[in-house]
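Read off the chains here:
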Amino acid sequence: MPQTDHGANRRRGRDETEEERADRMWTDLIQEVRVAQTGVQILFGFLLTVVFTPKYAELSDTDQTIYIVTVVLGACATGALIGPVSLHRLVSGRRIKAQAVRWASRLTLLGLLLLLATTSAALLLILRVATHDGFVPYLVAGVVGWFLLCWFGLPLWTRHRHTVK
């Protein structure tokens, strides 16, 4: 009996057309965006209310600057994470879903980076106001490191480790 390469008989990937792949990838992307949008919208909504509290006037100039930067980052993150919805609506029916998926994916990644920056800046502000302690930047750096590991490090390691070459 001849020897066969058992790995050669196994299918790799999916048997789908380019259009089917784009449809599947779009559906996956929109589910991911929904999760990120919820987080950024809650955080951004909270940030918008801070300026209207009596405590805001008591913040130092540095803390007010951190707040303004945080709100702008939150607005940019919101725009990037809602962008794929607008992109889809404006190009729907034009037979360019594969290209739309690529651009929506880029917007989503940018939105996640902006969400990371927004969350980090908000944490910095909150901990500065709450503790007035010198360890705050180190604590924020640790949290940013954790986010980077969870959001980018582990996924990139998994992609590298388990991608068939």
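Residues numbered from 1 in each chain as written. Predicted model: local features only at pLDDT ≥ 70, side-chain atom pairs only at ≥ 80, totals over all residues. Heavy atoms only, no water.

**Topic: the pattern of salt bridges**
Enumeration over the complete set of coordinates arrives at 5 salt bridges. Between R24 and E16 there is a salt bridge, and its shortest N-O distance comes to 2.7 Å. The exposure class of R24 is partly exposed, given its relative accessible area of 21%. Among the ionic pairs, E58 bridges to K55, the shortest N-O distance being 3.9 Å. Residue E58 and its partner K55 are located together in helix α3 (residues 54-58), separated by 3 residues, close to a single helical turn. Residue class for K55 comes out partly exposed when judged on its relative accessible area of 45%. (Salt bridge = Lys/Arg side-chain N within 4 Å of Asp/Glu carboxyl O. Buried < 20%, exposed > 50% of the residue type's maximum accessible area, 1.4 Å probe, protein only. Helix = DSSP H or I, 4+ residues; strand = E, 2+ residues; numbered from the N terminus.)

**Some remarks on the nonpolar core**
What tends to happen in soluble globular proteins is that the nonpolar side chains get buried as a cluster. One finds V40, L43, L47, Y56, Y67 and V71 to be the most contacted residues of the largest nonpolar core, which totals 18 residues. Setting aside residues no more than four positions away along its own chain, Y67 makes contact with L47, L48, V50, V51, Y56 and L125. Counting residues in hydrophobic clusters, the runner-up holds 6 residues, among them W26, I30, V33 and V101. (Core = buried A, V, L, I, M, F, W, Y, C linked by side-chain atoms within 4.5 Å. Contact = heavy atoms within 4.5 Å.)

**Some points on a nonpolar patch on the surface**
A cluster of nonpolar side chains, contributed by F135, Y138 and L139, occupies part of the molecular surface with about 350 Å² of accessible area. Mapped onto the fold, L139 is located in helix α6 (residues 136-162). (Patch = residues over 30% accessible without salt bridge, like charges linked within 9 Å, V, L, I, M, F, W, Y side chains within 5 Å. Areas by Shrake-Rupley, 256 points an atom, 1.4 Å probe, with all protein chains shown as cover.)

**Description of the confidence of the model for the chain**
Mean pLDDT over the chain stands at 91; residues scoring 70 or higher make up 93%. Confidence, expressed as mean pLDDT per element, reaches its minimum in the chain at helix α1 (residues 6-9) with 49 and its maximum at α6 with 97. (pLDDT = per-residue confidence, 0-100.)

**Quick word on unusual backbone geometry**
Backbone geometry places R95, a non-glycine residue, at a positive phi of 60°. Along the chain, R95 falls in the loop between α4 (61-91) and α5 (97-131).

**Describing helix α2 (residues 18-50)**
Spanning 33 residues, α2 covers 47 Å between terminal C-alpha atoms, matching the ideal 48 Å at 1.5 Å per step. Restricting attention to buried positions, one finds in α2 the residues A22, W26, L29, I30, V33, A36, Q37, V40, L43, F44, L47 and V50. Lining the buried residues of α2 we find α3, α4 and α5. (Expected span 1.5 Å × (residues − 1).)

**A short note on the environment of L112**
Mapped onto the fold, L112 is located in helix α5. Measuring from C-alpha to C-alpha, the distance between L112 and L48 comes to 20 Å, with 64 residues separating the pair along the chain. Excluding residues within four positions of it along the chain, L112 makes contact with A36, L81, W151 and F152.

**Things to note about the side chain of Q37**
In this fold, Q37 is placed in helix α2. The residues contacting Q37, other than those within four sequence positions of it, are L81, I82 and V85.

**Focus on the packing of aromatic side chains**
Throughout the structure, instances matching the rule amount to 2 aromatic pairs. Seen in terms of ring centroids, Y56 and Y67 are 5.2 Å apart; in terms of plane orientation they differ by 65°. Their pairing is edge-to-face. Of the two residues, Y56 sits in helix α3 while Y67 sits in helix α4, which places them 11 residues apart along the sequence. Look at F147 and W151: their rings are 5.0 Å apart centre to centre, the planes differ by 15°, and that puts the pair in the stacked class. Of the two residues, F147 and W151 both sit in helix α6, 4 residues apart, roughly one turn of that helix. Note on W151: relative accessible area 30%, which makes it partly exposed. Sitting over the face of the ring of W103, R106 holds its NZ or CZ atom 4.8 Å from the ring centroid. (Phe/Tyr/Trp six-rings, centres within 6.5 Å; stacked < 30°, edge-to-face > 60°. Lys NZ or Arg CZ within 6 Å of the ring centre and 35° of its normal.)

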